[in-house]
Structures are given as C-alpha cells and as structure tokens.
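Given next are the chains, with one letter for each unit.
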Amino acid sequence: MYKIAVIPGDGTGPEVVDEALKVLYAAALKKGFEVETTNYDFGGDRYLATGEIISEEDIEELRGYDAILLGAVGHPDVAPGILEKGLLLKLRFTLDQYINLRPVILYPGVECPLADKQPEDVDFMVVRENTEGLYSGMGGVNYRGTSREVATQIMCNTRQGVERCIRYAFELTRKRGKKNMLTLCAKTNVLTYAHDLWWRTFNEVGEADYPDIKRDYAHVDAICMWMVKNPEYFDVIVTCNMFGDIITDLGAIIQGGMGVAAGGNINPEGVSMFEPIGGSAPKYTGKGVINPVAGVAAMAMMLDELGEKSAAEDVENAIVAVTTTKMESMNAGRMGHSTSEIGDLIVEALG
Ligand code: IPM
Ligand code: MN
C-alpha cells in the first residue's frame, strides 16, 4: 500500500493529475498493489483566498507519504516568484529533494523539431542539482529602485551538495548501462571557483569509485549546441541547478514539447515529488485540451522510484502505444482527443 500526497496545483495541473491518477489506479489494479491518495489544495487559488501558501506543519505532514505527485505551480493573478519560491522551491529544499531527474526521451510517434532525428537519437537523462547553486536564495539588494541599486544572487555550491548529486549521476549512468558515459555540464572557463568545485569532485569521485564510467565534459553553451545537433551523443548529463533548468527546457522541446516532458524531484533517502515540467498553462485551464502525457510519465517515474519497476515499464509502454498510433499531435488542443480521452486510451493500452 502506497500513500501518495497529491498536489494538483494551478491552471491545468488538476486536469493533468486526474489522468495520471486514473492510470495509477489502473496500474495498481493490474499489478496488485494498493494506493491511497490524499489531495492538498496548495497553490494560487488557496493563496489568493487565504494568504497562505504552505506551512511548516504541512511540510512535516508531507514527509509521512511514500511520494508526492504535483500538477503545476503558477497562477496568472499571483506575482512571479511567490508561488515558485513559496511552494515549489520550498518543497524541494525543505524535503531535501537534491536531485531533479529529467529524462529526455523522444517517444515513437512524437514529432521531433530536429530534422532527421528518431527516437533512438533522443534518449538521455539530465541530473540537475536541485537544492543549491543560483537557487540558494543567497544574495541581496541595496538601494533598490535608485540609480545606486546593487543586486547580487550568489551561486552557492557546497562540496557535500555537489558530491551527492555527482554520485547519484554516476550510479544512474551505471544502472542505465547505455553508453556508460557521464557528461558534466558546467562553465569551468568562467566560474573558476564554483565550477572548479564541480570539476574536481566529478573527477575525484569518478576516478575513485566509477572507473567503469567514461567521464565527459562540455561547457553549458556547447551542450546547448550539441543537444540540437547531436542529441544521440548523450547518455547522462549532470549539471548545476540553473544550467539544469535551462537545458531541460531545451531537452523538453527536442522530445516533443512540454506535453510530454516529466521530471522527478528526488530525495533518495526521503520523500520524492514528481511533476510534469510544463507549468500551469493558464490559457488552457478547464478546457480539456491539455496533453496529460507528461503527467502520466511523471507518475510512471514515481512508480519506478517506489520500486514498482514493472508497473512503471507497463505505463511507459502504454504511453508509447498511445503516442505512436492514437495522437495527432502532442500540442494542447491538437491531440485529436480531449485530455481525459488520452487518459482513457493509456488505461486501455495498459490492458
Ligand atoms: C522548473 C521550473 C522551476 C525552476 C520554477 C517554476 C521555479 O522552471 O521546474 O524547471 O526554475 O526550477
Ligand atoms: Mn524550468
């Protein structure tokens, strides 16, 4: 019996989460495990109504679950940063979900914007550090709004934070067993303190404990170029929080767009949180046109993390069956089906 906390969140989050749960229950029935879900109404509407985002007690309560499934965070009537920092980043940091795992996998049947690239060409994983770097919140502002204004935002890297992320990435590369190659994505030619720490840690850990894994390096700007030109080159990429944020949007678009891209905020020793990475897409809210595939794929990642490997694989295969033959497009409103029909088709493919 798995206890799952569900945060549908803002915009199209709830619609996407509904389909993910539909498929989750079908998978549970098929595989013979039980799930119990509890909904939490954190998000923009609650904030606008009560002024509250999430309390420390709420977060303590969330620690009691086996996993968290999140729809989307971001509300058009709430100023940028409030919900992002107050809810999403708050959960990632407080629950110490130090890995943001984002597969970049082009499913068969999904249109790729890169000329001549096939599913076998777009199949890699990004391991994004998820608790520090430029997201640490350190820094500050003086003389705000004046001509003397000074603003800093510190890229904070700790040996411990960098090392645990790099170790996770090496382990994943080994487990994946594809090319046995881990690429460090950084900017060692400019960030000569912060990314020198990454470079040394990467080499020390790799040399000592992962001699079987090939160590590869590319600057982040070059990675952007290679991801477009030669995505087939990559196996696993490990990178800092900010670079990971940016390159995974690029990754999302080469795997068919925000409708399919999923991610996991993982604390290997604690409670992890899974989410479609596309955001709340407010303009599509309530129309039943949003693509739920990313939400279902996030749920499959959750099953994998919970140890239900075979169920996770079955859900992935069901997604592929649907993207291959049943969907006209991955874009909202152009799927040839409604949001809930896609969920039904995935359940049907699951058998
Ligand atoms: C993401 C998002 C978040 C991030 C925002 C909403 C804070 O862009 O999950 O990639 O920057 O991490
Ligand atoms: Mn992002």
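Just so we're clear, the structure is a prediction, and the values are computed from it rather than from any experiment.

Novice: Teacher, can you tell me more about the domain arrangement of the protein chain here?
Specialist: The parts lose accessible area when they come together, and the size of an interface is often stated as this lost area. The domains assigned to the protein chain are domain 1 (1-97 + 267-351) and domain 2 (112-255). Each of domain 1 and domain 2 was reduced to a C-alpha centroid, and the two centroids are 25 Å apart. On the domain 2 side, the residues contacting the seven residues of domain 1 number eight residues. Taken together, the connections running from domain 1 to domain 2 amount to one salt bridge. Taking the shortest distance from any N to any O, the salt bridge between Asp-96 and Arg-164 comes out at 2.8 Å. Looking at the side of domain 1 that touches domain 2, its residues break down into four nonpolar, one polar and two charged.

Novice: Please clarify how the site of ligand 1 should be interpreted in this entry.
Specialist: For ligand 1, the full set of nearby residues is Glu-84, Leu-88, Arg-92, Arg-102, Arg-128, Tyr-135 and Asp-245. Between Asp-245 and ligand 1, the recorded distance is 2.9 Å, taken from a side-chain N or O atom to an oxygen atom. Computed on the free molecule, ligand 1 has an accessible area of 320 Å², of which 76% lies beneath the protein chains in the complex. With three residues, the single largest contributor to the shell around ligand 1 is helix H4 (residues 82-94). Split by residue class, the shell around ligand 1 holds two nonpolar, no polar and five charged. Inspection of the shell around ligand 1 shows a minimum of three residues originating in each of domain 1 (1-97 + 267-351) and domain 2 (112-255).

Novice: How should I be thinking about the pattern of salt bridges in this particular structure?
Specialist: Opposite charge on two side chains makes pairing possible when the charged atoms of those side chains draw close. According to the stated counting rule, one finds 22 salt bridges in the structure shown. Salt bridges here are not isolated pairs; linked through shared partners, they connect Arg-159, Glu-163, Arg-167, Glu-204 and Asp-209.

Novice: What is the right way to look at the nonpolar core in this model?
Specialist: In globular proteins that are soluble, nonpolar side chains generally tend to be buried together. Core analysis: the biggest nonpolar cluster contains 85 residues, and Val-127, Val-238, Met-299 and Val-315 have the highest contact counts within it. The element best represented in this core is helix H9 (residues 293-306), accounting for ten residues. The residues that make up this core include at least three from each of domain 1 (1-97 + 267-351) and domain 2 (112-255). In this structure, Met-299 is in contact with Ala-20, Val-23, Leu-24, Leu-69 and Val-315, ignoring residues within four places of it in sequence. Ranked by size, the runner-up nonpolar core spans 20 residues in total, among them Ile-53, Leu-62, Leu-87 and Leu-91.

Novice: Before we go on, may I ask you to explain the pairing of strand S5 (residues 123-129) in this structure?
Specialist: Consecutive residues of a regular strand have side chains that alternate between opposite faces of the sheet. In terms of burial, S5 is largely enclosed, as six of its seven residues are buried. Where strand S4 (residues 99-105) and S5 come together, seven bridges link them in antiparallel fashion. Paired with Ile-99 across the two strands is Glu-129, which belongs to S5. Where S5 meets strand S10 (residues 236-239), four bridges bridge the pair, whose relative direction is parallel. Directly across from Arg-128, in S10, lies its bridge partner Thr-239.

Novice: Would you take a moment to explain the state of the cysteines for this structure?
Specialist: Here is the idea: a disulfide is a covalent bond, and it sits between the sulfur atoms of two cysteines. Under the counting rule described, the total for this entry stands at zero disulfides. No disulfide involves Cys-112; its nearest neighbouring cysteine sulfur is the one of Cys-224, lying 16 Å away. Owing to a relative accessible area of 13%, Cys-112 belongs among the buried residues under this scheme. For Cys-224, a relative accessible area of 27% gives the class partly exposed.

Novice: Help me understand the pairing of strand S11 (residues 262-266) in this model?
Specialist: The element S11 is extensively covered by neighbouring structure, given that five of its five residues are classed as buried. Pairing analysis gives four bridges linking S11 to strand S12 (residues 272-276), with the strands arranged antiparallel. Looking across to S12, one finds that Asn-265 is bridged to Met-273. Between S11 and S12, which pair antiparallel and follow one another directly, the connecting turn spans five residues.

Novice: Which parts of the structure should I look at to understand H9?
Specialist: Owing to its 3.6 residues per turn, the α-helix brings residues three or four apart onto one side. With 14 residues, H9 extends 20 Å between its outermost C-alpha atoms, agreeing within 8% with the 20 Å of an ideal straight helix rising 1.5 Å per residue. Burial runs high along H9: twelve of the 14 residues are buried. Three or more residues of H9 are buried, namely Val-293, Ala-294, Gly-295, Val-296, Ala-297, Ala-298, Met-299, Ala-300, Met-301, Met-302, Leu-303 and Leu-306.

Novice: Hey, could you run me through the environment of Glu-149 in this one?
Specialist: With respect to the secondary-structure elements, Glu-149 resides in the loop between strand S6 (139-142) and strand S7 (150-153). On the accessibility criterion, Glu-149 (37% relative accessible area) is partly exposed. In this structure the C-alpha to C-alpha distance between Glu-149 and Arg-128, which are 21 residues apart in sequence, comes to 32 Å. Residues within four places of Glu-149 in sequence aside, it is in contact with Val-141, Asn-142, Tyr-143 and Arg-144.

Novice: Help me understand the side chain of Arg-102, please; the structure alone is not making it clear to me.
Specialist: Note on placement: Arg-102 falls in strand S4. One buried charged side chain, Arg-102, makes no salt bridge at all; its nearest oppositely charged neighbour is Glu-275, positioned 4.2 Å away. Among the polar contacts made by the side chain of Arg-102, one reaches the side chain of Asn-100 at a distance of 3.0 Å. There is a polar contact of 2.9 Å between the side chain of Arg-102 and the side chain of Thr-248.

Novice: What should I look at first to understand unusual backbone geometry in this one?
Specialist: Glycine aside, negative phi is the norm for most residues, and most peptide bonds take the trans geometry. A positive phi is found at Asp-96, a non-glycine position, where the angle reads about 50°. Position of Asp-96 among the secondary structure elements: in the loop between H4 and S4. When its relative accessible area of 29% is taken as the criterion, Asp-96 is described as partly exposed. Its identity as a non-glycine residue notwithstanding, Asp-116 has a phi of 65°, on the positive side. Along the polypeptide, Asp-116 turns up in the loop between S4 and S5.

The rules we used
Counting restarts for each chain, with residues numbered from 1 along the sequence as it is written. Here chains are named by letter from A upward and ligands by number from 1 upward, in the order in which they appear as written. Predicted model: local features are reported for residues with pLDDT of at least 70 only, side-chain atom pairs are reported and counted for 80 or more only, and whole-chain, interface and lining totals are derived from all residues. For side-chain calculations, the full set of non-hydrogen atoms in the structure is used, while hydrogens and water are omitted. These domain limits were set by an automatic method or by a database of domain assignments. Only heavy atoms matter for contacts: two residues are in contact if any of them lie within 4.5 Å across the pair. Salt bridges are identified by distance alone: a Lys or Arg side-chain nitrogen within 4 Å of an Asp or Glu carboxyl oxygen. Residues are grouped as follows: Ala, Val, Leu, Ile, Met, Phe, Trp, Tyr, Cys and Pro are nonpolar; Asp, Glu, Lys and Arg are charged; all remaining types, including Gly, are polar. It suffices for a single heavy atom of a residue to lie within 4 Å of a molecule or strand for the residue to be listed as near it. Two N or O atoms form a polar contact when they lie within 3.5 Å of each other; inside protein one atom must be a possible hydrogen donor and the other a possible acceptor, and for residues adjacent in sequence the pair counts only when both atoms belong to side chains. For the accessible areas, the method is Shrake-Rupley and the probe is 1.4 Å, while residue cover comes only from the protein chains on display. To qualify as a helix, a DSSP run of H or I must reach at least 4 residues; to qualify as a strand, a run of E must reach at least 2; elements of each kind are numbered from the N terminus. We call a set of buried residues a nonpolar core when its members are Ala, Val, Leu, Ile, Met, Phe, Trp, Tyr or Cys and they connect through side-chain atoms within 4.5 Å of each other. Classification of residues uses two cut-offs on accessible area relative to the type maximum, computed with a 1.4 Å probe and protein chains only: under 20% is buried, over 50% is exposed, and between them is partly exposed. Two strands make a pair as long as DSSP finds a minimum of two bridges between them. By definition, disulfides here are pairs of cysteine sulfur atoms that lie within 2.5 Å. By this rule, a helix spans an expected 1.5 Å times one less than how many residues it contains. Positive charge is attributed to Lys and Arg, negative charge to Asp and Glu, and no charge count is given to His or to the chain ends.

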